[in-house]
Amino acid sequence: MQARLKNPATIVPGAMQAIQALIASVHKAGTPAKALHLAHLRASQINGCGACVDGGVKQARQGGETEERLFAVAAWRDTPYFTDAERAALALAEAMTRLDDRMDPVPDEVWAEAAKHYDERALGGLVLWIATTNLFNRVNVTTRQVAGAAW
């Protein structure tokens, strides 16, 4: 497999710096790192972004995530490995990633469950993180970024 183009964030002046600034802000929002890792991985699985799944798993492992939980992310509803807060983050990640799959893309129940577990700032960080993940997924899938390849 070969990329169609170098990652656009690395070739458009200022793009990577802007994205990195957003990511740095998200990490200051107080959203638990494990929830961010799980949401990133789930959105990346849905979007079929091999580069982000690969990188996401590696980052999650560095953050102390277990193999058992990483293997179960795609089937999170049917496994006992996740907290209620993590399940809320995973549900929000799925809803935000699959906007066209239903008339009410992010149902009130999904939002209310996430809001129950995360304060306003942490929830804002989670929303921005999922949106940023979707940005990377779309760029990487479009340009066929290779999993494991350095930018």
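These numbers come from a predicted model, not from an experiment.

(A) View of the pattern of salt bridges. A full pass over the atoms with the stated rule returns 8 salt bridges. Residue Arg 61 pairs with Glu 67 through a salt bridge whose shortest N-O separation is 2.5 Å. Judged by relative accessible area, Arg 61 falls into the partly exposed class, the value being 43%. Measuring nitrogen to oxygen at the nearest pair gives 3.7 Å for the salt bridge that ties Asp 101 to Arg 98. The exposure class assigned to Arg 98 is partly exposed, which follows from its relative accessible area of 30%. Taken together, the shared-partner salt bridges connect Arg 42, Arg 77 and Glu 94 into one network.

(B) Quick look at the side chain of Asn 134. Considering the arrangement of structural elements, one finds Asn 134 in helix α8 (residues 120–142). Only 2.8 Å separates the side chain of Asn 134 from the side chain of Asn 47, close enough to count as a polar contact. With near-sequence residues (within four places) excluded, Asn 134 lies in contact with Ala 43, Asn 47 and Thr 97.

(C) How the structure looks around the environment of Pro 32. Turning to its location among the elements, Pro 32 is positioned in the loop between α2 (15–27) and α3 (33–47). Residues Pro 32 and Glu 86, 54 residues apart in the sequence, show an inter-C-alpha distance of 9.1 Å.

(D) Here's a closer look at a nonpolar patch on the surface. There is a patch of nonpolar side chains on the surface, built from Leu 5, Ile 11 and Val 12 and spanning about 240 Å² of accessible area. Its location among the elements puts Ile 11 in helix α1 (residues 8–11).

The rules behind these values
Residues numbered from 1 in each chain as written. Predicted model: local features only at pLDDT ≥ 70, side-chain atom pairs only at ≥ 80, totals over all residues. Heavy atoms only, no water. Salt bridge = Lys/Arg side-chain N within 4 Å of Asp/Glu carboxyl O. Buried < 20%, exposed > 50% of the residue type's maximum accessible area, 1.4 Å probe, protein only. Helix = DSSP H or I, 4+ residues; strand = E, 2+ residues; numbered from the N terminus. Polar contact = N/O pair within 3.5 Å; in protein donor to acceptor, adjacent residues only side chain to side chain. Contact = heavy atoms within 4.5 Å. Patch = residues over 30% accessible without salt bridge, like charges linked within 9 Å, V, L, I, M, F, W, Y side chains within 5 Å. Areas by Shrake-Rupley, 256 points an atom, 1.4 Å probe, with all protein chains shown as cover.

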